[in-house]
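Spelled out, the chains give:
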Amino acid sequence: MQYGVALNSSQAQVIAGQKVPADVVLSFCPATRQILENAGYKVMSAVEQYRGLSHAKAAVLIDRDLEQLRPQMQRFYNLSDGEAQNLSVYLYHFLSIAYYLYFSTRFMKKNGHGLFWVGADSSIKHGNYPQMYLELVDHAKSKITGYSNPNFSFAHYLLTEACNRILALILRLRGKKLIINFGDELPRKMINPILDSSGEYIVVASKKISKNMVQSLKFFIKGCTWALRASKKDKPVWVFRTNNPHKYKQQVAAPDIALAYAEVTQATRIAIKSYIPFLKTEYEIGQKLIDLFKPEIGISDFAKYPYVLAAQERMRAYGGTYVMMNHGTHTVQYDPISKIAAKMWAAQDRMITQFVTDHVPKSPLTEVLAKEIRPENQFRTHKLNVFQEIKKHPAPTDEFMLLHAGNFTDVYFHIPWCKETAEEYLLSMVELIEEMQHIDGVKLVIKLKPKKAPAHYKLVSECIDRLKLHDKVVVDTDSKFSDLLAKASMVICNLSGTVEEALINHIPVMIHTYHKGYFHIPAQVLNREGLNPAYLVRDRKSIKDIIDFTRNNREKLFDPELYGKVAWQQDEILKPDAFAHNILKVAA
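The rules behind the values
- Residues numbered from 1 in each chain as written.
- Predicted model: local features only at pLDDT ≥ 70, side-chain atom pairs only at ≥ 80, totals over all residues.
- Heavy atoms only, no water.
- Helix = DSSP H or I, 4+ residues; strand = E, 2+ residues; numbered from the N terminus.
- Rg over C-alpha atoms; globule rule 2.2 N^0.38 Å.
- Buried < 20%, exposed > 50% of the residue type's maximum accessible area, 1.4 Å probe, protein only.
- Contact = heavy atoms within 4.5 Å.
- Areas by Shrake-Rupley, 256 points an atom, 1.4 Å probe, with all protein chains shown as cover.
- Lys, Arg positive; Asp, Glu negative; His and termini not counted.
- Charge placed at Lys NZ, Arg CZ, Asp CG, Glu CD.
- Pairing = 2+ DSSP bridges.
- Core = buried A, V, L, I, M, F, W, Y, C linked by side-chain atoms within 4.5 Å.
- Right-handed = clockwise from strand over helix to strand, strands pointing away.
- Expected span 1.5 Å × (residues − 1).
- Axes fitted to C-alpha atoms, helices over the stretch in contact; angles between N-to-C directions.
- Parallel < 35°, antiparallel > 145°, perpendicular 65-115°, else oblique.
- Left-handed = near helix turned anticlockwise from the far one by under 90°.
- Nonpolar A, V, L, I, M, F, W, Y, C, P; charged D, E, K, R; others polar.

S.K.: I tried to follow the overall build of the protein chain on my own but got confused; where do I start?
M.R.: Of regular secondary structure, the protein chain possesses 19 helices and 18 strands. Taking 588 residues into account, the globule formula puts the C-alpha radius of gyration at 25 Å, and the protein chain, at 25 Å, falls close to it. Each principal axis of the C-alpha atoms in the protein chain carries an extent, and together these give about 70 × 65 × 45 Å. Every one of the 588 residues in the protein chain was classed for burial, and the buried ones make up 58%. Within the protein chain, contacts between residues at least 6 apart in sequence are counted, and of these 72% link residues at least 24 apart. Within the structure as shown, the protein chain displays about 24300 Å² of accessible surface, and the carbon and sulfur contribution to it stands at 51%. Between the averaged position of the 75 positive side-chain charges in the protein chain and that of its 60 negative side-chain charges there is a distance of 6 Å.

This is how it looks when you write it as structure tokens:
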């Protein structure tokens, strides 16, 4: 037999365009399957191989691998604690993709079968199973490091280095204190109160080196303008993340490691060897930025990138204040597999690190998880309400509006157990639509972004057409989410800040996922313990029961005990000026 693999729609188009002969092609998303089937191929979806048990196995194996690899690689490459943490972040995402591919492609590992796949250069490759596996995982690896562009000239490096030094001199002469911001929207919720409370501070933000020297000079001029004026709090002083480009090309030895499966071992050895020069060079960038500008306060909502961890480690060394708000939403879990998977994901890059001095958790469930990750509790906690308050719009009295708001995830950003795959995301929506046939007096609105997931939009629309449910189910691609939330009687979701946002605005939630293993918040099964604002779907037949029960009891659902775990109470939430006072007091 001739087997093929297509990770995404662009790879499927290459296979279809070249009319590569195949008995079966393995697809990793609905768009890929659609393209291949339209071209006449027999397609097998990864979801047929990678189900709940595979999710669980991947999470357990990654947890074990990281525990083994981090200290081993720290010694082998002489890494600092921060560098070892970032290598762990990288390996977490890399291994998530690696095990996803491994458990999906195991059926191909048979003698005599021809294998083909699409290489990084978009050409068709033929070979054996290990060759296919190594190249596919290596191609996926580039998605993890794609935020940086190390391909610039030495002259360009010297220019940006000089620009940074001039900006540092200007800021010193102005006598202002500095806040360095390594995020975007969420950090502003923490930065603006500080700027409102004190005129002593200027915000510095970093960017990668531009595509050419002319663009870099333009950004330098903009940076100088705001360094000299600094009159608007939403205009940071832009500085460059710059380092000698030759350092990215340094050669290092390949480590000797042993993981559960030989193919994963080979790929991981190659991945680590290629990442170490990148890690060390980018880490040095963060150290240089902090040494040059010496900010009093650092702020971010993630620690995925080496330069961010470097900044945190450097600032902690000289007593600087580093504030981190958790990126996305993470909650403490109690089911054994969920506990492993959720804690591991949050610990890698998303919630809190060993260098953070001040933490802003989005909810009480987040705070508990942060204390599990940092059990020594040597950080200060600040409770802010970062979710928008929704002004409810009146809906027709006979309409119970369900709002579905999930997250599409392609293969490159797979998170085992916690996140549904692209195919599971579609199947959960189809399951929900099919159940609408049996429920009267409701309207289901599915919020989708066609540009992000065009195949989902088409397939969901076709499902609605096939079942003739246009009077009950609508796919919305244009409305603002906040406008839809204001009309919603219930939100249906699994992993999203939408869950907390709905509950904070007293909108009940149904926690629904295709493989029905991980549930984002500790909701309960219907009729288990009385009234609650969040119920989880253990099997599809309970969807109707939950909707009917919620519709009949929605005024009574917000039980103080569960609600108090999910959302900060009003008397706990810091006002912006109080938060600023707390941060400024410790930064003084």
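S.K.: What's the story with the pairing of strand 5 (residues 124–127) in this structure? I'm lost.
M.R.: Two faces make up the sheet, and in a regular strand the side chains alternate between them. Summarising the sheet, strand 4 (residues 114–118) and strand 5 pair through 4 bridges and their orientation is antiparallel. For Leu-115, the partnering residue across the bridge sits in strand 5 and is Gly-127. The hairpin formed by strand 4 and strand 5 contains 5 residues between the paired strands, and Ser-122 there has a positive phi angle of roughly 65 degrees.

S.K.: I keep staring at the nonpolar core and nothing clicks. Help me out?
M.R.: Within the largest apolar cluster, 201 residues are counted, with the highest numbers of intra-cluster contacts made by Ile-433, Met-436 and Ile-547. Not counting residues within four places of it along the chain, the set of residues in contact with Met-436 comprises Leu-402, Val-442, Leu-444, Leu-469, Lys-472, Val-473 and Ile-547.

S.K.: How should the pairing of strand 14 (residues 442–447) be read in this particular structure?
M.R.: Summarising burial for strand 14: 5 of the 6 residues are buried, a large majority. Alignment of strand 13 (residues 400–404) against strand 14, held across 5 bridges, turns out to be parallel. The partner of Leu-402 across the bridge, within strand 14, is Leu-444. Taking the sense of rotation as the criterion, the β-α-β connection linking strand 13, helix 13 (residues 422–435) and strand 14 turns out right-handed. In the sheet, strand 14 pairs with strand 15 (residues 473–476) via 4 bridges, with the strands oriented parallel. Looking across to strand 15, one finds that Lys-447 is bridged to Asp-476.

S.K.: Teacher, can you tell me more about helix 14 (residues 454–467) here?
M.R.: Structurally, the α-helix is built with 3.6 residues per turn, so residues lying three or four positions apart point the same way. Given a rise of 1.5 Å per residue, 14 residues ought to cover 20 Å, and the 20 Å separating the end C-alpha atoms of helix 14 matches this to within 8%. For helix 14, the secondary structure elements touched by its buried residues are helix 2 (30–38), helix 13, strand 14 and strand 15. Positive backbone phi, approximately 55 degrees, marks Lys-468, located one or two places after helix 14.

S.K.: It is not clear to me how the sheet that holds strand 10 (residues 321–325) should be interpreted in this structure. Could you clarify?
M.R.: Across a sheet, paired strands are connected by hydrogen bonds in the backbone, their directions being either parallel or antiparallel. As summarised here, the arrangement of the 7 strands in space is 8-7-6-9-10-11-12, forming an open sheet in which the pairing is parallel. Single-partner strands in this sheet number two, and they are strand 8 (237–241) and strand 12 (380–381). The sheet contacts of helix 9 (residues 262–293) involve strand 6 (177–181), strand 7 (201–208) and strand 8, and relative to strand 8 the element is tilted by about 140 degrees.

S.K.: Would you take a moment to explain the packing of helix 3 (residues 52–77) against helix 11 (residues 336–350) for this structure?
M.R.: Helix-helix packing: each pair is described by the crossing angle between the helix axes and the interaxial distance. Running from amino to carboxyl end, helix 3 crosses helix 11 at an angle of 50 degrees, the nearest separation of the two axes being 9 Å. Considering their axes alone, helix 3 and helix 11 lie oblique with respect to each other. Where helix 3 crosses over helix 11, the two elements pack in a sense that is left-handed. Judged by residue contacts, Ala-56, Ala-59, Val-60, Ile-62, Asp-63 and Leu-66 of helix 3 engage Ile-337, Ile-340, Ala-341, Met-344 and Gln-348 from helix 11. Across the contact of helix 3 with helix 11, the residue classes break down as 9 nonpolar, 1 polar and 1 charged.

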